[in-house]
Amino acid sequence: LHIGYPNLGILVEQQYVNFSIFFEEGKSIITPSRYVSLIIKFEGEHMLVLDLDLFLKDNFSCIEDGSNKLLLILETKKLNERNKILISKIKKKGSTLLGNKYIAFKTGINSTVLQLYPDELKLFTGSIQKAMLEKGIMGCRFNDNTIDYLLDLDNLFYTMFKDRTK
């Protein structure tokens, strides 16, 4: 899945995304992360909404166009154990109405499905790999005028929560 922004692109492995829906409205909640302040109801339960646009703006000076938003919905069972524990802690700290089944990333609507071949991506190695994985980024590919970053949604989820800069 490719999400286009004016000065960069984001790549998400399609295997992570179960659904995508248009974002309309959510309920505000307080969390330790500036990237998580909403929940919405989906399939009968509430799920956390992580603001990918804000994260990209903070980390890449990415400018969002303010258009309609899309929610990329993931099943929490696809997350690693560290993130499942983190979700449990959030629920214990007062967000008990959260369900256990889904989380969502809010992003721009400029999305397309791409078929990429492994040789089109450059995975980070060495010391840069550690720094980029801490931001939830596994690698990149170079386009005509932009760079597309391949996201690791497991690390990105954790990174967005450990940020405490409200």
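Nothing here was measured: the structure is a model prediction, and the numbers come from that model. (Residues numbered from 1 in each chain as written. Predicted model: local features only at pLDDT ≥ 70, side-chain atom pairs only at ≥ 80, totals over all residues. Heavy atoms only, no water.)

Undergrad: Lay out the sheet that holds strand E11 (residues 137-142) in plain terms, naming residues and giving numbers.
TA: Ordered in space as E9-E1-E2-E12-E11-E10, the six strands form an open sheet in which the pairing is mixed. The open sheet is flanked by strand E9 (111-112) and strand E10 (122-123), the only strands paired with a single partner. Sheet analysis places strand E1 (residues 2-4) next to strand E2 (residues 9-12), joined by three bridges and oriented antiparallel. Within E2, the position partnered with Gly4 by the bridge is Gly9. (Pairing = 2+ DSSP bridges. Helix = DSSP H or I, 4+ residues; strand = E, 2+ residues; numbered from the N terminus.)

Undergrad: So, the packing of aromatic side chains: which residues are in play, and what are the values?
TA: Taken as a whole and assessed by the stated rule, the structure comprises four aromatic pairs. Ring geometry for Phe19 and Tyr102: centres 5.8 Å apart, planes at 70°, overall edge-to-face. Here Phe19, found in strand E3 (residues 19-23), pairs with Tyr102, found in strand E8 (residues 98-108); they are 83 residues apart in sequence, far enough to count as distant. By the ring-pair criterion, three or more aromatic residues cluster together here, those being Phe19, Phe42 and Tyr102. (Phe/Tyr/Trp six-rings, centres within 6.5 Å; stacked < 30°, edge-to-face > 60°.)

Undergrad: Got a sec to walk through the nonpolar core? Specific residues and values, please.
TA: The biggest cluster of nonpolar side chains holds 40 residues, and the ones touching the most others in it are Ile10, Leu50 and Phe105. Dropping the residues within four chain positions of it, Phe105 is found in contact with Leu50, Leu52, Leu70, Leu71, Leu72, Leu74, Leu153, Leu156, Phe157 and Met160. Membership of the second largest hydrophobic core comes to 10 residues, among which are Ile40, Val49, Leu71 and Ala104. (Core = buried A, V, L, I, M, F, W, Y, C linked by side-chain atoms within 4.5 Å. Buried < 20%, exposed > 50% of the residue type's maximum accessible area, 1.4 Å probe, protein only. Contact = heavy atoms within 4.5 Å.)

Undergrad: Any details on the confidence of the model for the protein chain? Residues and values, ideally.
TA: Detailed conclusions should not be drawn from predicted coordinates in areas where pLDDT is low. For the protein chain, per-residue confidence averages 81 on the pLDDT scale, and residues scoring 70 or more make up 90% of the total. Per-element confidence in the protein chain is highest for E11, whose mean pLDDT is 92, and lowest for strand E4 (residues 27-28), whose mean pLDDT is 77. (pLDDT = per-residue confidence, 0-100.)

Undergrad: Describe the pattern of salt bridges, listing the residues and the values that go with them.
TA: One pass over the full model with this rule turns up seven salt bridges. For the salt bridge of Asp53 with Lys69, the shortest nitrogen-to-oxygen distance reads 2.7 Å. Of this pair, Asp53 sits in helix H1 (residues 52-60) while Lys69 sits in strand E7 (residues 69-75); the two residues are 16 residues apart in sequence, bridging distant segments of the chain. The burial state of Asp53 is the same as that of Lys69; both residues are buried. (Salt bridge = Lys/Arg side-chain N within 4 Å of Asp/Glu carboxyl O.)

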